[in-house]
Structure formats: C-alpha cells, structure tokens
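Listed below, chain by chain, are the residues.
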Amino acid sequence: MVYQTTLLFELDLPPALYLFVASGTLCSYNFHWYLTPPGGTVSTKNYWSLHNKPLHLLLFFIGLALNCLCCFLLLQHWPWLLVSAFFTFLYSAPKIPHPVFQSLQKIAVGKTVFLAFAWMHVTTLLPMVMINENFTNAQIIFALNRFFFIYAICVLFDFRDRQQDNQAGIRSLITQLPEQGVDRIFWGSLLVSIASTFLLLNYFTTQVVLALLVPIMLLALLYSSSKKNFSHLRYYFVLDGLMMLSAPLVVLAKFAR
C-alpha cells in the first residue's frame, strides 16, 4: 500500500520507511491481541491468541525495537511519525487495564475512525509529507479515497464485533446504531470512495483508476454476505486483502503496457 502511493505520485522514499511501516504493524497488531481478553466468538484464531500471549508479547517487543530504530533513521520526520504512533495507539488504548485508558471506551465513533485514519495516514499521507508537505489536489483526493474505502471495511469489522464490544463496554458509532444506520454509514462511505476514484480520472490513466475501483466494487458485492458470514478467512484474508488489492493492479496498469 505504501509502494502504491510512491508509484502513483513518483515519490523517492527512504527504505527505512518501509521497515517503519512493517515493524509498526507487527508491533501494534501483537500489542492489540496481547491485551485482548477472552470472550466474544469462539474460534481457532481467538483460541490461539489466548494461549499464545507470550509470543504476542515477544513479537510486540521485536516490532517496537525495530520501530525505534526506524524512528532514529527517520528522525527529521519525527512529528509525522509521532502522529502515526498516536492514532495507532488510540485504537488499542481502551484495552489497557488502567482507568485513564479504559475511559476511552466511552468515546463514541473513535474506534473505527482512529483505525481507518491510522491505516490511511501510514500508507498514504505519511509517504507524501515525507517528500513535500504541500499537497496537490490529486494527493488530497487520493487520501480521501483511501480513508473512506478503509473506513467502509472497518465498518464491517465493527459490525461483526458489536456484541463483543458491547460486553466489553467499548462504544463506537457502529455499536450504537441499528443495522439500517450501519448500512447508511457503509454505503455513504463507499459512495464517497467511488466518487473520489472517478475524480482521479483528471490525474491518472483510465487503467489506473479502474485498478483503484476494482476493490471498491468487490467490497460492495461482499457487504451483504459479510454481515452474515463472520469467518476469519473472509475477514482477515478477503476483506483485509481488499485494502492492498489495488496495489498489484496499479503495478500492472503502470507497467503492463
């Protein structure tokens, strides 16, 4: 996803950024699952996570160490790296067993917005601002496109986790709304993503725009069935995979001419 941004806007990024994103993902993912208590749906994945917390902790520290090294290598960009860390931390912070952090559970809408913004910021905004802090119109439209597309995917994850989040006292917009309200949020986000994709025709070739549009249309087709089928294969492979699907398609559109 980072490479897609660099390819579309011809950005020459330091290699340390790729390691920063990879190690940060490893760090935040394992931090989140280490703090996740037992409960919710019984599945092979949840059972594995519950019984392998020492491994989650080890991977968290490995990711943290690599992330700190990358921050040192990218020290001149520390304000933007701090923004990345802050929004990523906010997603898992309510799981920390301390009153200060648990009070974040009461912040409506936060969970989904924080996660979607963190993914968009790290893979889209961060590569841009590291090269030039003055955004072009194309970059602004692309950032909005990615945010609303990722947010639509996050809506499905929150819909799946509504019962577990309610039991844990974690509030989000999706846990508070009836199903029809969730539908409106999802389709509204997807429509913004589709509209912004067509706006990109002013800046990219038709092939590139189609490459960006394919995952959005697939998500639209999968929405209804994904509200009934909560399998981990569908969510962690198919739906999560849609976030990066446009990247190889953009590569094909750029180079397969």
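Remember, it's a predicted structure, so these values are computed and weren't measured experimentally. (Residues numbered from 1 in each chain as written. Predicted model: local features only at pLDDT ≥ 70, side-chain atom pairs only at ≥ 80, totals over all residues. Heavy atoms only, no water.)

Draft legend 1. Molecular detail of helix H11 (residues 179-199). Between the first and last C-alpha of H11 there are 30 Å, a value that for 21 residues agrees with the 30 Å anticipated at 1.5 Å per step. Those residues of H11 not exposed but buried are Gly-181, Val-182, Phe-186, Ser-189, Leu-190, Ser-193, Ile-194, Ser-196 and Thr-197. (Helix = DSSP H or I, 4+ residues; strand = E, 2+ residues; numbered from the N terminus. Expected span 1.5 Å × (residues − 1). Buried < 20%, exposed > 50% of the residue type's maximum accessible area, 1.4 Å probe, protein only.)

Draft legend 2. Here's a closer look at the packing of H11 against helix H12 (residues 206-226). Closest axis-to-axis distance for the H11/H12 pair is 10 Å, and the angle between their directions is 165°. Judged by the inter-axis angle, H11 sits roughly antiparallel to H12. Crossing angle aside, the handedness with which H11 passes H12 is left-handed. On H12, the residues touching Val-182, Asp-183, Phe-186, Trp-187, Leu-190, Ser-193, Ile-194, Thr-197 and Phe-198 of H11 are Val-209, Leu-212, Leu-213, Ile-216, Met-217, Leu-219, Ala-220 and Tyr-223. (Axes fitted to C-alpha atoms, helices over the stretch in contact; angles between N-to-C directions. Parallel < 35°, antiparallel > 145°, perpendicular 65-115°, else oblique. Left-handed = near helix turned anticlockwise from the far one by under 90°. Contact = heavy atoms within 4.5 Å.)

Draft legend 3. Local environment of the confidence of the model for the protein chain. Of the residues in the protein chain, 90% reach a pLDDT of 70 or more, and the chain-wide mean stands at 87. When pLDDT is averaged over each helix and strand of the protein chain, the minimum, 66, is found for helix H6 (residues 99-102) and the maximum, 96, for H12. (pLDDT = per-residue confidence, 0-100.)

Draft legend 4. Molecular detail of unusual backbone geometry. Of note in the backbone geometry, Glu-10 takes a positive phi value of approximately 55° without being a glycine. Considering the arrangement of structural elements, one finds Glu-10 in the loop between helix H1 (2-9) and helix H2 (15-35). Look at Glu-10 and you get exposed, because its relative accessible area is 72%.

Draft legend 5. Molecular detail of the pattern of salt bridges. Taken as a whole, this structure holds three salt bridges when the rule is applied. Linking Arg-160 and Asp-161 is a salt bridge whose minimum nitrogen-to-oxygen distance equals 2.9 Å. With a relative accessible area of 14%, Arg-160 lands in the buried category. A relative accessible area of 15% means that Asp-161 is categorised as buried. With a closest N to O distance of 2.8 Å, Asp-183 and Lys-227 form a salt bridge. Taken as a pair, Asp-183 in helix H11 and Lys-227 in the loop between H12 and helix H13 (232-255) lie far apart in primary sequence, 44 residues in all. Each of Glu-179, Asp-183 and Lys-227 takes part in salt bridges that share partners, so that together they form one network. (Salt bridge = Lys/Arg side-chain N within 4 Å of Asp/Glu carboxyl O.)

Draft legend 6. Region of the structure containing helix H3 (residues 44-51). Among the residues making up H3, those that are buried are Lys-45, Asn-46 and Ser-49. For H3, the arc enclosing every buried residue in end-on projection is 95°, short of the 170-degree limit, so these residues lie on one face. Of the residues in H3, the exposed ones pointing more than 90 degrees away from the buried face are Thr-44 and Tyr-47. For H3, the secondary structure elements touched by its buried residues are H2, helix H4 (53-73) and H13. (Arc of directions from axis to C-beta.)

Draft legend 7. The environment of Leu-66, seen in detail. Structurally, Leu-66 is set in helix H4. Leu-66 gets classed as partly exposed once you look at its relative accessible area, which sits at 31%. The spacing of Leu-66 and Gly-24 is 42 residues in sequence and 8.1 Å in space, taken between C-alpha atoms.

Draft legend 8. Quick peek at the packing of aromatic side chains. Within this structure, the stated rule accounts for 18 aromatic pairs. Seen in terms of ring centroids, Tyr-29 and Trp-33 are 6.3 Å apart; in terms of plane orientation they differ by 50°. Their pairing is tilted. Placement of the pair is Tyr-29 and Trp-33 together in helix H2, with a separation of four residues, close to one helical turn. Residue classification places Trp-33 among the buried residues on the basis of a relative accessible area of 12%. Seen from their ring centres, Phe-157 and Tyr-235 are 5.0 Å apart, and the 90° between their planes marks the pair as edge-to-face. Residue Phe-157 is found in helix H8 (residues 137-160), and its partner Tyr-235 is found in helix H13; the two are separated by 78 residues along the sequence. (Phe/Tyr/Trp six-rings, centres within 6.5 Å; stacked < 30°, edge-to-face > 60°.)

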